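# Survey of secondary and tertiary structure
The lines below spell out each chain.
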Amino acid sequence: MPSAWIGLGSNQGQTESNLSRALRALDHLPGSRVVQASDGYLTPPWGLADQDDFLNAVAELSTDLAPLKLLDALLEIEADLGRLRDGPRWGPRTLDLDLLVYEDLIVDPPKLPLPHPRLHERAFVLIPLAALAPTLKIPKQGTVDDLLHALPSSERTDIKLSGSLDYHRQP
């Protein structure tokens, strides 16, 4: 089955619970299972600075879902777990799920560019991704480890390990 890498983030409500519930929901998607999930990382907000810090993580999902079907499923999980899309871009949210990489697919439609177009700029994604798969090749960009080390050190040092998420695969 294809591998998809999903970024998870939350800075409203019970952030750890939000990410744990999202991981369980990902594991229950049709023809899918979470292969591995990173620890949670506390990260300063990106894009809109006047908000609480985020808890971020990354998961590898083995899935039979095609990329657009997977994106629809991610949006549904967000909504089911309380995400409202009525605030500013990059603003506070109960849950954010981003499809980062889907195999070695490179596409650039408006709804779902792959790999994620700002993945290489975001330490809050690259740090948990590097903890799981430092040699993962991001199409047309390089390895996760190389991308992470290309960022200014100041962006990397602001991100702190929070600890394991309460996620256990359900039978």
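Residues numbered from 1 in each chain as written. Predicted model: local features only at pLDDT ≥ 70, side-chain atom pairs only at ≥ 80, totals over all residues. Heavy atoms only, no water.

## Notes on the overall build of the protein
When you go through the protein residue by residue, the secondary structure sums to 5 helices and 8 strands. Reading the secondary structure of the protein in the N-to-C direction produces β-α-β-β-β-α-β-α-β-β-α-α-β. The C-alpha atoms of the protein give a radius of gyration of 15 Å, which matches the 16 Å a tight globule of 171 residues would have. Principal axes of the C-alpha set define a box for the protein whose edges measure 40 × 35 × 30 Å. Taken across its 171 residues, the protein has 48% of its residues classed as buried. Long-range contacts, defined here as pairs at least 24 residues apart, represent 69% of the contacts in the protein between residues at least 6 apart. Put simply, the protein shows about 8,600 Å² of open surface, and 51% of that area lies on carbon and sulfur atoms. Charge-centre separation for the protein: the mean point of 16 positive side chains lies 3 Å from the mean point of 24 negative side chains. (Helix = DSSP H or I, 4+ residues; strand = E, 2+ residues; numbered from the N terminus. Rg over C-alpha atoms; globule rule 2.2 N^0.38 Å. Buried < 20%, exposed > 50% of the residue type's maximum accessible area, 1.4 Å probe, protein only. Contact = heavy atoms within 4.5 Å. Areas by Shrake-Rupley, 256 points an atom, 1.4 Å probe, with all protein chains shown as cover. Lys, Arg positive; Asp, Glu negative; His and termini not counted. Charge placed at Lys NZ, Arg CZ, Asp CG, Glu CD.)

## Side note on helix α1 (residues 15–27)
Here α1 is 13 residues long and its end C-alpha atoms lie 19 Å apart, about the 18 Å a rise of 1.5 Å per residue gives. Of the residues making up α1, those classed as buried are N18, L19, S20, A22, L23, L26 and D27. Elements that come into contact with the buried residues of α1 comprise β1 (3–10), β2 (32–37), β4 (54–63), α2 (67–80) and β5 (96–102). (Expected span 1.5 Å × (residues − 1).)

## Points about unusual backbone geometry
Only a minority of non-glycine residues have a phi that is not negative, and only a minority of peptide bonds are not trans. Of note, the bond from L114 into P115 is cis; its omega dihedral lies within 30 degrees of zero at -10°. One can find P115 in the loop between β5 and α3 (123–132). The phi dihedral of E103 falls on the positive side, at around 50°, and the residue is not glycine. The phi dihedral of K140 falls on the positive side, at around 65°, and the residue is not glycine. With respect to the secondary-structure elements, K140 resides in the loop between β6 (137–138) and β7 (142–143).

## A word on the environment of F54
With respect to the secondary-structure elements, F54 resides in strand β4. Judged by its relative accessible area of 9%, F54 falls in the buried class. Taking the C-alpha atoms as reference, F54 lies 9.7 Å from T94; in sequence the two are 40 residues apart.

## Some points on the pattern of salt bridges
Within this structure, the stated rule accounts for 2 salt bridges. Residues D72 and K111 are paired through a salt bridge, measuring 3.2 Å at the closest nitrogen-oxygen approach. Here K111 lies in the loop between β5 and α3 and D72 lies in helix α2, a separation of 39 residues in the sequence. A salt bridge links D96 to R93, with the shortest nitrogen-to-oxygen separation between them at 3.2 Å. For D96, a relative accessible area of 14% puts it in the buried group. (Salt bridge = Lys/Arg side-chain N within 4 Å of Asp/Glu carboxyl O.)

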